[in-house]
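Letter by letter, the chains look like this.
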Amino acid sequence: MARRVRPGRSGAALMIALGTLAAACAAPGNNSPQPQATSASPMSAAPACGSAPITMNGYFETGFPLPKALTAEFTKQHPNVTWNIREDQFAVITQNAPRVLADNPPDLMRLPQVSELVKDNLLKNLDSYAAAFGWDKWPASQLEQLRLGQGGRPRGEGSLYALGLNMSMTGLFYNTKLAAQIGMSTPPATLAELDQALEKAKKAGITPILQFNGGATGGLAFPLQNLMASYGPTAPINDWIFQKPGATIDTPSNLQAVQHLEKWIKAGYFQKDVNAVDYATMMSRFIDGQGLFMFNGDWESGNLDKQMAGEVGFSLMPPAQQGGKVAAMSAPLTFGIAANAKNADCAAFFLNWVATDKRAREIGVEIGGSRPVGPADAYMPDVSSDTVTASTLAAGADIAKDDGAMDFIANATGAIYAKSWTPNLQKLVAGQQTPEGLLKAVQSDYAGQLEGN
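Residues numbered from 1 in each chain as written. Predicted model: local features only at pLDDT ≥ 70, side-chain atom pairs only at ≥ 80, totals over all residues. Heavy atoms only, no water.

1. As for helix H7 (residues 191–203)
The periodicity of an α-helix, 3.6 residues per turn, causes residues three or four places apart in sequence to face the same way. Selection criterion: Per the convention used, a helix needs a DSSP run of H or I reaching at least four residues, while a strand needs a run of E reaching at least two, with both numbered from the N terminus. To estimate the expected span of a helix, count its residues, drop one, and scale the result by 1.5 Å. Residue burial is assigned from relative accessible area. The probe radius is 1.4 Å, only protein chains are included, and a residue is buried under 20% of its type maximum, exposed over 50%, and partly exposed in between. What the arc covers is the set of directions going from the helix axis to the C-beta atoms. In what follows, a contact means two residues having at least one pair of non-hydrogen atoms within 4.5 Å.
Here H7 is 13 residues long and its end C-alpha atoms lie 19 Å apart, about the 18 Å a rise of 1.5 Å per residue gives. Buried residues of H7: Leu191, Leu194, Asp195, Ala197, Leu198 and Ala201, and no others. What you see down the axis of H7 is that its buried residues fit within an arc of 160 degrees, all on one side. Residues of H7 that are buried sit in contact with strand E7 (163–175), helix H8 (221–231), helix H10 (252–266) and strand E8 (293–297). In the segment just after H7, Gly205 is the residue with positive phi, at about 80 degrees.

2. Some thoughts on the environment of Phe212
Secondary-structure assignment places Phe212 in the loop between H7 and H8. The exposure class of Phe212 is buried, given its relative accessible area of 1%. Taking the C-alpha atoms as reference, Phe212 lies 5.8 Å from Val274; in sequence the two are 62 residues apart.

3. Considering the pattern of salt bridges
What counts is decided by this rule: Definition used for salt bridges: Asp or Glu carboxyl oxygen within 4 Å of a side-chain nitrogen of Lys or Arg.
On inspection of all chains with the given rule, the structure shows 15 salt bridges. For the salt bridge of Lys266 with Glu262, the shortest nitrogen-to-oxygen distance reads 3.8 Å. Separated by four residues within a single helix, Lys266 and Glu262 lie in helix H10, roughly one turn from each other. A residue is classified by how much of its surface remains accessible, and Lys266, at 67% relative accessible area, is exposed. For Lys358, the salt bridge identified is with Glu362, shortest N-O distance 3.0 Å. Taken as a pair, Lys358 and Glu362 lie in helix H14 (residues 358–366) at a separation of four residues, close to a single helical turn. Residue classification places Lys358 among the partly exposed positions, given a relative accessible area of 49%. A cluster of three or more residues bridged by salt bridges with shared partners is formed by Lys358, Arg359, Glu362 and Glu366.

4. Side note on the pairing of E7
The two faces of the sheet receive side chains in turn, since in a regular strand these alternate between them. The following threshold applies: Pairing between two strands is assigned when DSSP locates at least 2 bridges connecting them.
Of all 13 residues that make up E7, 13 are buried, and the element is covered over most of its length. With five bridges joining them, E7 and strand E10 (residues 328–336) adopt antiparallel strand pairing. In the sheet register, Leu163 faces E10, and the bridge partner there is Phe335. Bridge count between E7 and E8: five bridges; the pairing is antiparallel. Bridging from a neighbouring strand, Tyr174 pairs with Phe293 of E8. Relative to strand E9 (residues 312–315), E7 runs antiparallel, the two being bridged by four bridges. Within the sheet, the bridge partner assigned to Phe173 lies in E9 and is Phe314.

5. Describing the confidence of the model for the protein chain
Heads up, the condition is: The pLDDT score gives, residue by residue, the confidence of the prediction method on a 0 to 100 scale.
Per-residue confidence for the protein chain gives a mean pLDDT of 88, with 90% of residues at or over 70. Considering only residues more than four positions removed or in separate chains, one finds that residues 1–41, a stretch of pLDDT under 50, has 198 contacts.

Right under this line is the structure:
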């Protein structure tokens, strides 16, 4: 879902881009304190970082503070482990991933869509770590999106090739002061009520929706996928993202969703310069009170609680019909281990620590704003009920109840986001693409990219 950030009022580009992997296991480096098992041979004991000095190499996302906060706390608890962290914008990570994993393999890396990385044996198979640490006993939904079949397809089944730092989720943030100005005291319960709120905001001189759609990451994919969830079931969307045979994005309900998005565009519900706005600018404008709604993820909850305390609400996208089930882009913040990582055991130990350590889970909620992954009965920190973080955590429970989690449509292939969704959504804004043409173009690009895998 996505991309994600928030180093302050400006934030930095992010996306909920998920992935999963399947790769041959490589031999451990000299710093690995435990013998490295292959995917076929179980480990005799759970890996650890040992007591000898280790420098972990990380490749993380610029401006996204959660991973670095976790590595800092990890070093406090394990002083022999230090971190050498390189950071890039998510779009750059997406472009660089194959070369970095092959030429300078990091121990831990923020992953883009990774079917191709698995196919090229660039990511480590984590099955033996899952057995050693008991990850297979966690709720299956936390790992499903991170499993891939042999050769990188399909997703959703097979071996485990990545782990999430948390379970992120998208929806609608809204400015409560601006909502009060149009008489909106509670979030819209139906898509029609949302349309009414947008119309009232426009008439009141308030920008109805602040969204990013500039550069290589088209942010209108966020409201589009939410509209897809309002109009139709999530299973076919996940099948398409997971590259299931015969899956298509060009369906009648998805056409309704694109048509609804086009209606919002033509009605002027997005800011006029939406095609020139990046993620950081969107965040800055929302924090400055320049718009009513923003489609974004719970990774911003902690940031908004600090920057706009008591002035932000959160709601899941309302269904088209009253009382309908809710759904959302919901996926792990995905990290993996390079196939040839020098300190793979320590990296796996870190991932397990993130999910099970009390302070790590507190950081995941306080800074990440999302529910940490891990055992079903794992510790959950208390959150004040009057915060947006409390609202996003509660929404996550509603998604689980309705089985409404979807991966992000940008994650169907490694190139589909930058080379198909983004340009076609930008053309839709410019009046150079139709809803029908958009879905057909994306499906054609998808099929061609699968053939090239």
